[in-house]
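# Coordinate analysis (summary)
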Amino acid sequence: MKNLYRKLMTLIAPSVALVLLFAAVASAHVTVSPSQSGVGAWETYTLKVPVEKDSPTVQIDLRMPAGVEFKQYEATPGWKVTIDGNKVSWIATGDGIQSGQFQRFTFTAKNPDQAGKVVWDAYQHYADGSLVQWSGEEGSESPHSITEISGTAAAGGHSHGMDMDMGEGTDTATSSSTSPVGYIALIASILALILAVIGLFRRRQA
């Protein structure tokens, strides 16, 4: 039984470590959500900026994808917003985002009139002068976020006239999309449970 336990530990432990490491790396990415929305919808998007260095983040630049029209942003204490063409920048007026923290920035944009994928390129500036470009392809070390624009707009996703209430929009799209990190955490939990059961069984056999 001890030999079996050691073999299982040899096989499972590295897998658990790899899964947890992947989850930690994935959660450190700059992302734009939701990952799905409707054609022509006025969507409320959330830019999430975690800090993966010891230096604070003091600026984040987001490029609006082709066909996406930036409309409004939600004021965030400690940050000012500048707009230059298709580039929207959040610039810290204080200490910025500290190591081990993250910040969310919310804005409203009108989606393209055709279905397809829109790509969000983001550029994260640190106080030490370094820059991380979140503009790589999926699977790269610094991938950009992607939103899938479907052929039909979600219910309530369009704004009419001058109604630009950021509390409205396609919040259902946000809740319906599931982050890969959630699946990773579930797998890690299952593997941890297996290890616990094996350990309990081993103690009973001792």
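Residues numbered from 1 in each chain as written. Predicted model: local features only at pLDDT ≥ 70, side-chain atom pairs only at ≥ 80, totals over all residues. Heavy atoms only, no water.

What follows concerns the side chain of Ser37. On the secondary structure map, Ser37 appears in strand E2 (residues 36-38). Among the residues examined, Ser37 registers a relative accessible area of 5% and is labelled buried. (Helix = DSSP H or I, 4+ residues; strand = E, 2+ residues; numbered from the N terminus. Buried < 20%, exposed > 50% of the residue type's maximum accessible area, 1.4 Å probe, protein only.)

As a further point, take the nonpolar core. Membership of the largest hydrophobic core comes to 28 residues, with the highest contact counts inside it found for Leu47, Leu62, Trp90, Phe107 and Trp120. Within the residue set of this core, elements represented by two or more residues are strand E3 (42-50), strand E4 (57-63), strand E6 (79-84), strand E7 (87-92), strand E8 (102-110), strand E9 (116-126) and strand E10 (131-134). (Core = buried A, V, L, I, M, F, W, Y, C linked by side-chain atoms within 4.5 Å.)

Next up on the list: the pattern of salt bridges. Enumeration according to the criterion identifies two salt bridges in this entry. The salt bridge partner of Lys71 is Glu69, with a shortest N-O separation of 3.1 Å. Assessed through its relative accessible area of 30%, Lys71 is described here as partly exposed. Looking at Glu69, the relative accessible area reads 38%, which means it is partly exposed. The partner of Asp113 in a salt bridge is Lys110, with the nearest N and O atoms 3.2 Å apart. (Salt bridge = Lys/Arg side-chain N within 4 Å of Asp/Glu carboxyl O.)

A sheet is described by the order of its strands in space; here four strands give the open sequence E1-E3-E8-E5, paired in antiparallel fashion. If you trace the sheet from one side to the other, it starts and ends with strand E1 (31-33) and strand E5 (69-73), each paired once. Between one strand axis and the next, the sheet turns by 35° as a mean value, whatever way the strands run. (Pairing = 2+ DSSP bridges. Axes fitted to C-alpha atoms, helices over the stretch in contact; angles between N-to-C directions.)

Think of a pair of aromatic rings as described by two things: how far the centres are apart, and how the planes are tilted against each other in angle. Applying the stated rule across the entire model yields seven aromatic pairs. Measuring from centroid to centroid gives 5.7 Å for Tyr45 and Phe107, while their planes differ by 25°, and the two rings are stacked. Within this pair, whereas Tyr45 is found in strand E3, its partner Phe107 is found in strand E8, the two being separated by 62 residues in sequence. Grouping residues by exposure puts Tyr45 and Phe107 together as buried. Summarising the aromatic geometry, the rings of Phe107 and Trp120 are spaced 5.9 Å apart at their centres and angled 65° between planes, so their arrangement reads as edge-to-face. Here Trp120 lies in strand E9 and Phe107 lies in strand E8, a separation of 13 residues in the sequence. Judged by relative accessible area, which is 0%, Phe107 ranks as buried. (Phe/Tyr/Trp six-rings, centres within 6.5 Å; stacked < 30°, edge-to-face > 60°.)

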